[in-house]
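What follows is the residue order along each chain.
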Amino acid sequence: MVEFKRTTTTKNRRGFYVRMKFIHRHGRPERSFCYRYFKWVLWISLSLYFFSSFLISSSDKTPSLSKTTVSTTSKSSIVSRALFETNATVLQQPRSKKLDLSQGLNDLKIYVYDLPSKYNSDWLSNKRCSNHLFAAEVAIHRALMGSDVRTLNPDEADFFFVPVYVSCNFSTVNGFPALGHARPLLASVVQLISSEMPFWNRSRGSDHVFVASHDYGACFHAMEDVAIADGVPEFLKKSIILQTFGVRFRHPCQDVENVLIPPYISPESVRSTLEMVPEKAKRDIMVFFRGKMEVHPKNISGRFYSKKVRTHIWQKFNRNRKFYLKRHRFDGYQSEIVRSVFCLCPLGWAPWSPRLVESIALGCVPVIIADGIRLPFSGAVRWPEISLTVAEKDVGDLAKILQHVADTNLSTIQRNLWDPEVREALLFNNNLQQGDATWQVLYSLSKKLSRSYRRSRLSNQ
């Protein structure tokens, strides 16, 4: 038992000492009041500890988005949570990768044509060719060249990759790539491979893969009306097109077998931006957009840019303190994205935007404003759980919509968004990595093996 006695020191100070007294179990004396008091305090303390631990562990479980209800949180608490979420989770290291990169690809084999340099490597003299938003055509080619999926024996191939860089002609005054040469260049490469090797002719190109990583994909034009009028080149209509353009309704520019891919964002620039951000940095920008926002959206050609959506956003919110809207270029804009809670991703000439990938990679919730847009790799990226979609007609209500999200399920969306595997699925690496954007392309192709001439012959034997 524990016995408390009062004592006096040599300096006449009063205090307590504790003397441990071991008593034989037989003949135990009557327990004191202090002992009984001590036992009850200990029991109550342990009960409170275990009960509080249970409550904490229960609160950590992530609620589903469909069950999130509207909160009555005050504006001050919204600011403390929505505007000042830290970047600590965004900076977490990617999960360890499996060494077998072909796992889950059904033993897919791809032959990469060795074409004359005028079709690809000559364009790399301009450094922008491998780094601009259409550069997926370069990144996929590079990743395939060093991949175990590549075969040097065309007789073993399921698909044939045709590496033509059609988006690297930066000869225009405004610096955007011209596409007028795309159709003749592609026509000439089809003529070349069909005349020198038998593989195109035997399948009529159905097992051949091309990249069309610009505005309207397989239509090879930046303006929708012209793209629709031109349509998909006849010689490519049986092939597989890897393209950034995709909508959920019928459209002439996706009237071809296709795999939807994300626009190219340099993974090195993303990593560099994240490394420069302090781990405890705050997101002090509520709503962010930097890009072309015309005060008068009708351009010289008579077309309305962004279907007037960006103009409406500017006119409605450019004086709103929660909206950080900038109309001019800034090379360091990724440092602004990483400070932002919501990043607006409105359509431009085409529905898709590189901001979509940059926002996700840098931990900012993308707000997609492009009616009917189809998004890439839906099997790997759970888009409804990591982004918001706002109808073009509702952009005037953006402030209320985003405030409602901040009041309710923002933290849940951010936890889903900050999964490193989501970021990896949308970034193209020069060397193939498990789960990255090129791997997702290969996975999609592995689901189209019915188009493989080799596989069809094997199944008929």
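Since this is a predicted model, take the numbers as computed values, not measurements. (Residues numbered from 1 in each chain as written. Predicted model: local features only at pLDDT ≥ 70, side-chain atom pairs only at ≥ 80, totals over all residues. Heavy atoms only, no water.)

A. Structural context of the state of the cysteines. With the rule as written, the count across this model stands at three disulfides. A sulfur-sulfur distance of 1.9 Å marks the disulfide that ties Cys129 to Cys168. One disulfide, between Cys129 and Cys168, carries an S-S torsion of 75 degrees and so falls in the right-handed class. With a gap of 39 residues between them, Cys129 in the loop between strand 3 (110-112) and helix 3 (136-145) and Cys168 in the loop between strand 4 (159-161) and helix 4 (182-196) connect regions that are remote in the sequence. For the pair Cys129 and Cys168, a shared accessibility class is recorded, and that class is buried. What pairs with Cys343 in a disulfide is Cys364, and their sulfur atoms sit 2.2 Å apart. Here Cys343 and Cys364 share a disulfide; its torsion about the S-S bond, 110 degrees, makes the bridge right-handed. Of the two residues, Cys343 sits in strand 10 (residues 340-346) while Cys364 sits in the loop between helix 10 (354-361) and strand 11 (365-369), which places them 21 residues apart along the sequence. Of the two residues, Cys343 and Cys364, neither departs from the other in class, the shared state being buried. Counting its disulfide-bonded cysteines in sequence order, the protein shows a connectivity of 1-2, 3-4, 5-6. (Disulfide = S-S within 2.5 Å. Helix = DSSP H or I, 4+ residues; strand = E, 2+ residues; numbered from the N terminus. Buried < 20%, exposed > 50% of the residue type's maximum accessible area, 1.4 Å probe, protein only.)

B. Focus on the layout of surface pockets. Within this model, the largest pocket holds a volume of roughly 1,700 Å³. Every residue lining the largest pocket is counted, 47 residues in all, and those nearest its centre are Leu133, Phe176, Arg329, Pro354 and Arg355. Elements represented by at least two residues in the lining of the largest pocket include exactly helix 7 (267-276), strand 8 (285-290), helix 9 (334-337), strand 10 and helix 10. No other element matches the four residues that helix 10 contributes to the lining of the largest pocket. Each residue belonging to the lining of the largest pocket can be placed in one class, and the counts come to 23 nonpolar, 14 polar and 10 charged. (1 Å grid on protein atoms, 1.4 Å probe; cavity = no way out; pocket = protein on both sides within 12 Å on 5 of 7 lines; lining within 4 Å. Points joined across faces, edges and corners; volume = space filled by probe spheres on them. Nonpolar A, V, L, I, M, F, W, Y, C, P; charged D, E, K, R; others polar.)

C. Expanded view of the nonpolar core. Counting 119 residues, the largest nonpolar core has Ile261, Phe342, Leu398 and Leu445 as its most contacted members. Sorting elements by how many residues they give to this core places helix 4 first, with six residues. Lining this core are residues from two domains, each supplying at least three of them: domain 1 (110-264 + 428-459) and domain 2 (267-425). Contacts of Leu445, omitting those with residues within four sequence positions, involve Leu108, Ile110, Phe159, Val209, Ile240 and Val259. Ranked by size, the runner-up nonpolar core spans five residues in total, among them Cys129, Val138, Tyr165 and Phe170. (Core = buried A, V, L, I, M, F, W, Y, C linked by side-chain atoms within 4.5 Å. Domains from an automatic or database assignment. Contact = heavy atoms within 4.5 Å.)

D. Structural view of empty space enclosed by the protein. Tallied over the full model, the rule gives three cavities of 30 Å³ or more. Of the voids in this model, the largest cavity is the one considered here, and its volume is about 70 Å³. Every residue lining the largest cavity is counted, 14 residues in all, and those nearest its centre are Pro262, Pro263, Trp352, Leu356 and Pro376. For the lining of the largest cavity, a count of residues per class yields 11 nonpolar, two polar and one charged.

E. Broad picture of the pairing of strand 8. Burial within strand 8 is extensive, with six of its six residues counted as buried. Two strands pair when backbone bridges link them, and strand 8 and strand 10 are joined in this way by three bridges, in the parallel orientation. Directly across from Val287, in strand 10, lies its bridge partner Phe342. In the sheet, strand 8 pairs with strand 9 (residues 323-326) via four bridges, with the strands oriented parallel. Paired with Val287 across the two strands is Phe323, which belongs to strand 9. (Pairing = 2+ DSSP bridges.)

F. Geometry of the sheet that holds strand 4. Strand order in the open sheet formed by five strands is 3-4-5-6-7, and the pairing between neighbours is parallel. In this open sheet, the two strands that pair with only one neighbour each are strand 3 and strand 7 (257-260). Going from strand to strand, the sheet's axes swing by 30 degrees on average, the running direction of each strand aside. Relative to strand 7, strand 6 (residues 240-243) runs parallel, the two being bridged by four bridges. (Axes fitted to C-alpha atoms, helices over the stretch in contact; angles between N-to-C directions.)

G. View of the pattern of salt bridges. This structure, assessed with the given rule, holds 10 salt bridges. Between Asp158 and Arg454 there is a salt bridge whose closest N-O contact spans 3.0 Å. With Asp158 in the loop between helix 3 and strand 4 and Arg454 in helix 16 (residues 453-460), this pair connects stretches of sequence that are 296 residues apart. Here Arg454 falls in the partly exposed class, since its relative accessible area comes to 21%. Across the salt bridge formed by Glu336 and Arg290, the nearest N and O atoms sit 2.8 Å from each other. Of this pair, Glu336 sits in helix 9 while Arg290 sits in strand 8; the two residues are 46 residues apart in sequence, bridging distant segments of the chain. Take Glu336 and Arg290: they sit in the same class, and that class is buried. Overlapping salt bridges, with partners in common, bring together Asp158, Arg454 and Arg455 in one network. (Salt bridge = Lys/Arg side-chain N within 4 Å of Asp/Glu carboxyl O.)

H. Molecular detail of the sheet that holds strand 10. A sheet is described by the order of its strands in space; here five strands give the open sequence 9-8-10-11-12, paired in parallel fashion. Edge positions in the sheet fall to strand 9 and strand 12 (388-389), since each has one partner strand and no second. Where helix 10 meets the sheet, its contacts fall on strand 8, strand 10 and strand 11, and the angle it forms with strand 10 comes to roughly 165 degrees.

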